[in-house]
Amino acid sequence: MSESFITATAVSRSFGDRQILTSIDLIVHEGDRIALVGPNGSGKSTLLRLLAGAEDPTTGTVKRTPGVRIAYLPQVTGGGPGTVRDELSELIGVGPAARKMDRLTERLAQGELEVLEAQAAAVERWSALGGGDLEARLAPALESSGISSGWLDRPCRTLSGGQMARVRLAALELARLDLVLLDEPSNHLDADGLEMLGRRLDGAGHGFVFASHDRRLLDRFAEDVFELERGRGHRVRGGWQSYLDEREASRENEEAVYERAIAERRRLVTMERRIRRQAEVGERKAKRKTRAEEQDKFIRHMAVESAQKNTAASGIAKRIEQLDLPGKPWREDLSKLLLDRDQPVHAPAVVSMRSAVLARGSWRSVPLDLSIKPGERILLSGENGTGKSTLIEALAGRSEAVAGEIHRPGHVRSFQLGQHRGCFAGYPTLVTGFRAESGLDETASRSALAAMRLGPELAAARPETLSPGETTRAELALLAAVPAGLLLLDEPSNHLDIEALEALEDALGGWNGALVVASHDQAFREKIRFDRTLDLVRS
């Protein structure tokens, strides 16, 4: 048996009244390759932070083997205040190790000889993490990750999501570790970046635990799958396909148990009604008898029989009341929500561009000529930085061309499911924002959100407190409530969980409006039927 690096025992984590994780047990051994999966909000990122020691559990323990080199690469959400150099040093553990070493070295210099052993251990750890030759390795790692070495002193806040994702790739190249904890490592990477990520994970001489919605990545690298559902964890040995097989078998079993329980309840209800009807018929017959002797005998007989039947019926009613009826198994069904929700368009194009030049910061696009017909499906392809998101913003009417023309028919409504979550921003609660954006009343708004697994607690939450996946679900609920002629999807798989992605793919099969998609998710791209691909290149 290989050495255990991390042992989580009965770990629970809550934030206020919201319970995120409950009694999680997980052991990570040397060389393990474990995928964390589960619905958005199920606690995957929280569990990674607990394993890394970035936060503490509410109850339970997380033990990390002393001396084991562990790094945590969080999900890309935007650059911090430091430079690329600082970010890389922090991600691979050299930064924290250097600070500890410096503190102990300073105390030792001041004559505190009792820290001699600790200082020597700190120097050894800093060296083991690669601190000694880090500066010489930084530039080559950046260059091999598709980033100019001249960016080392560039502030991270000036980098895009795709560029920050490349910084994470450089960190994987630099890291000298025993275990890496990765949160959505494929997010914001283009096709070249995804291939680079695959090569680095393939060649990794260490184990890793990774949370991901990328089905290709899961299939390629997961040797075990740890599923989080309703705050609890379940480990499946044998990789991604084993997990899919077990998941389907479990669903079928849950549905069979539910159907048997429903059938039993239906049988008991029918039996109770039949017995009560028989008792009522007997009583009516007894009352119609006219001869005294016959009536007396018959009434006595019927009274006994009716009492027995009513007792039996009451017993069955009690059994019905005590019957343990399981909840109906959840099946994502976005197809019913999105089918026939497109807006009829009476125009040759839902949007058109003529020599349109788009801009973002100092970047400028080449002049674009584009006409999107009603019902047409277009895939936007190209490396990060070629303007796919900027084009989608322009198609949605969120930005204008700095030259040329963009024509959007006034009667055609577009809907953007994007990387930038501003749809409900500024509203006090999600349901308030949903009502304002959809025009629905309170009850209808809550019902629409509930259909997307956003119950009363989340409906009452402030929009900025929602996870990216929860926000995406709210946007999908809005799309289902308000017809549109043009649907714009900007990397939808970045923040949707796997079940929602699968359901969205099925639902888009019934979407009759125009569709423009920017996505690097190969599984998603293969599932959707596109009429044409628009390749964008760097200007």
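An account of the accompanying structure is given in this report. A quick note: this is a predicted structure, and the numbers were derived from the prediction, not measured. (Residues numbered from 1 in each chain as written. Predicted model: local features only at pLDDT ≥ 70, side-chain atom pairs only at ≥ 80, totals over all residues. Heavy atoms only, no water.)

### Here's the deal with the side chain of glutamate 227
Here glutamate 227 is to be found in strand β8 (residues 224–229). For the buried glutamate 227, which has no salt bridge, the nearest side chain bearing the opposite charge is arginine 247, at an N-O separation of 6.2 Å. A polar atom in the side chain of glutamate 227 sits 2.8 Å from the side chain of tyrosine 243. Sequence-distant contacts of glutamate 227, that is, excluding residues within four places in its chain, are made with Val37, Arg232, Gly233, His234 and Tyr243. (Helix = DSSP H or I, 4+ residues; strand = E, 2+ residues; numbered from the N terminus. Buried < 20%, exposed > 50% of the residue type's maximum accessible area, 1.4 Å probe, protein only. Lys, Arg positive; Asp, Glu negative; His and termini not counted. Salt bridge = Lys/Arg side-chain N within 4 Å of Asp/Glu carboxyl O. Polar contact = N/O pair within 3.5 Å; in protein donor to acceptor, adjacent residues only side chain to side chain. Contact = heavy atoms within 4.5 Å.)

### So, the pattern of salt bridges
This model, assessed by the stated rule, comprises 27 salt bridges. Across the pair aspartate 224 and arginine 237 runs a salt bridge whose closest N-O atoms are separated by 2.9 Å. In this pair, aspartate 224 sits in strand β8 while arginine 237 sits in strand β9 (residues 232–237), placing the two residues 13 residues apart along the sequence. The exposure class assigned to aspartate 224 is buried, which follows from its relative accessible area of 10%. On the basis of relative accessibility, which here comes to 56%, the residue arginine 237 falls in the exposed class. With a closest N to O distance of 3.2 Å, glutamate 400 and arginine 408 form a salt bridge. When its relative accessible area of 26% is taken as the criterion, arginine 408 is described as partly exposed. By sharing partners, the salt bridges in this structure join Asp32, Asp224, Arg235 and Arg237 into a single network.

### Regarding the packing of aromatic side chains
One pass over the structure, following the stated rule, counts four aromatic pairs. Through successive ring pairs, a cluster of aromatic residues spans Phe208, Phe210 and Phe221. The ring centre of tryptophan 151 lies 4.3 Å from the NZ or CZ of arginine 154, which sits over that ring. (Phe/Tyr/Trp six-rings, centres within 6.5 Å; stacked < 30°, edge-to-face > 60°. Lys NZ or Arg CZ within 6 Å of the ring centre and 35° of its normal.)

### Remarks on the environment of proline 409
With respect to the helices and strands, the residue proline 409 is situated in the loop between β15 (403–407) and β16 (414–417). The buried category is assigned to proline 409, whose relative accessible area is 11%. Contact partners of proline 409, with chain neighbours within four places excluded, come to Ala347, Ala349, Val350 and Val351.

### A word on the layout of surface pockets
Here the second largest pocket defines a volume of roughly 740 Å³. If you trace the second largest pocket, you find 30 residues lining it, with Ile70, Gly93, Pro96, Arg125 and Leu129 closest to the centre. At the level of secondary structure, the elements contributing two or more residues to the lining of the second largest pocket comprise β5 (70–73), α2 (84–91), α3 (94–109) and α4 (116–128). The element best represented in the lining of the second largest pocket is α4, accounting for six residues. Here the residues of the lining of the second largest pocket sort into 18 nonpolar, four polar and eight charged. (1 Å grid on protein atoms, 1.4 Å probe; cavity = no way out; pocket = protein on both sides within 12 Å on 5 of 7 lines; lining within 4 Å. Points joined across faces, edges and corners; volume = space filled by probe spheres on them. Nonpolar A, V, L, I, M, F, W, Y, C, P; charged D, E, K, R; others polar.)

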